[in-house]
Amino acid sequence: MKFHITGTRRGLGKALEDKYGNVSLEGCDVFINNKHDGFTQVDMLYKAAKLNKRIINIGSHASDFTFRNEYAVEKRALREANNHLFIAGKKTTCLNFGYFDTERSAHKDVDKMPLEYIIEIIEWTLNQKYNVKELTVCA
């Protein structure tokens, strides 16, 4: 399988790129929609869906708490777009993680999941015989 991964400068995206490589969106089999940048993840999800790609969206457990901040609202929009496309027959999954151990969450004094575990969850999702619409995993 060939992967297109966004947000590869550091953290999860970099780890995924190191493991799987990174080709263009047009040339990939699987699109991992990792980079959070406002509502860009939603835009990229629709672009990949139009190309009929297998999509893994990296959402957030924070999307359950949209009253907290803009990040939570943006991640909630990603979940809703994922749901819309899944119902429309697209192979798209939204993985909503709690905190995991990266530079971005280093300042947080909470239990964090190891990055390797996050990658295992992504691999598990890709290896399922049936489509997984959404999964939430927290420490």
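Before any of the text, the structure's been laid out above.
Engineer: Is there a simple way to think about the sheet that holds strand 3 (residues 54-60) in this case?
Structural biologist: Across a sheet, strands are paired by hydrogen bonds formed along the backbone, either parallel or antiparallel in direction. Taken in spatial order, the five strands make up an open sheet running 1-2-3-4-5, and their pairing is parallel. A strand with exactly one partner marks an edge of an open sheet, and here the two such strands are strand 1 (3-5) and strand 5 (134-137). Going from strand to strand, the sheet's axes swing by 15 degrees on average, the running direction of each strand aside. On the sheet, helix 2 (residues 40-50) packs against strand 2 (30-33), strand 3 and strand 4 (92-97) and is oriented at approximately 170 degrees with respect to strand 2. Against the sheet, helix 4 (residues 115-126) makes contact with strand 1, strand 2, strand 3, strand 4 and strand 5, and its axis sits at roughly 155 degrees relative to strand 4, the strand it touches most.

Engineer: What am I meant to see in the pattern of salt bridges here?
Structural biologist: Working definition: two side chains of opposite charge can pair if their charged atoms are close together. Applying the stated criterion across every chain, the model contains four salt bridges. Linking Asp-18 and Lys-14 is a salt bridge whose minimum nitrogen-to-oxygen distance equals 3.5 Å. Of this pair, Asp-18 and Lys-14 both sit in helix 1 (residues 11-20), separated by four residues, roughly a single helical turn. Looking at Lys-14, the relative accessible area reads 38%, which means it is partly exposed.

Engineer: Is there a simple way to think about unusual backbone geometry in this case?
Structural biologist: Trans is the common state for peptide bonds, and a negative phi is the common state for residues other than glycine. The backbone of Asn-52 shows a phi angle near 60 degrees, a positive value even though the residue is not glycine. Positionally, Asn-52 belongs in the loop between helix 2 and strand 3. Since its relative accessible area comes to 57%, Asn-52 is described here as exposed.

Engineer: Honestly, the side chain of Asn-82 in this entry has me stumped. Any pointers?
Structural biologist: Inspection of the secondary structure assignment puts Asn-82 in helix 3 (residues 70-87). When its relative accessible area of 1% is taken as the criterion, Asn-82 is described as buried. Not counting residues up to four positions away in its chain, the partners in contact with Asn-82 are Leu-45, Asn-57, Thr-92, Thr-93, Cys-94 and Lys-133.

Engineer: Mind showing me how you'd approach the layout of surface pockets here?
Structural biologist: A probe as big as a water molecule, rolled over the atoms, marks out the empty space that is left. Looking at the largest pocket, its volume works out to about 930 Å³. In terms of lining, the largest pocket is formed by 33 residues, of which the most central are Ser-60, Tyr-71, Phe-100, Thr-102 and Arg-104. At the level of secondary structure, the elements contributing two or more residues to the lining of the largest pocket comprise helix 1, strand 3 and helix 3. Residue composition of the lining of the largest pocket, grouped by class: eleven nonpolar, 13 polar and nine charged.

Engineer: What's the story with the environment of Lys-90 in this structure? I'm lost.
Structural biologist: Take Lys-90: it is sitting in the loop between helix 3 and strand 4. The class of Lys-90 is partly exposed, set by a relative accessible area of 26%. Residues Lys-90 and Lys-35 lie 55 residues apart in sequence; the distance between their C-alpha atoms is 20 Å. If we ignore the near neighbours within four places in the chain, the residues touching Lys-90 are Ala-49, Asn-52 and Leu-85.

Engineer: I'm lost on the nonpolar core in this one. Help?
Structural biologist: The nonpolar side chains of a soluble globular protein tend to be buried, and buried together. Grouped together as the largest cluster of nonpolar side chains are 20 residues, with contacts concentrated most on Leu-12, Ile-32, Phe-97 and Ile-122. If you list the elements that add at least two residues to this core, you get strand 1, helix 1, strand 2, strand 3, strand 4 and helix 4. For this core, the element with the highest residue contribution is helix 4, accounting for six residues. Ala-49, Ile-55, Leu-85 and Cys-94 belong to the second-largest nonpolar core, a separate cluster that totals 13 residues.

Criteria and cut-off values
- Residues numbered from 1 in each chain as written.
- Predicted model: local features only at pLDDT ≥ 70, side-chain atom pairs only at ≥ 80, totals over all residues.
- Heavy atoms only, no water.
- Pairing = 2+ DSSP bridges.
- Helix = DSSP H or I, 4+ residues; strand = E, 2+ residues; numbered from the N terminus.
- Axes fitted to C-alpha atoms, helices over the stretch in contact; angles between N-to-C directions.
- Contact = heavy atoms within 4.5 Å.
- Salt bridge = Lys/Arg side-chain N within 4 Å of Asp/Glu carboxyl O.
- Buried < 20%, exposed > 50% of the residue type's maximum accessible area, 1.4 Å probe, protein only.
- 1 Å grid on protein atoms, 1.4 Å probe; cavity = no way out; pocket = protein on both sides within 12 Å on 5 of 7 lines; lining within 4 Å.
- Points joined across faces, edges and corners; volume = space filled by probe spheres on them.
- Nonpolar A, V, L, I, M, F, W, Y, C, P; charged D, E, K, R; others polar.
- Core = buried A, V, L, I, M, F, W, Y, C linked by side-chain atoms within 4.5 Å.

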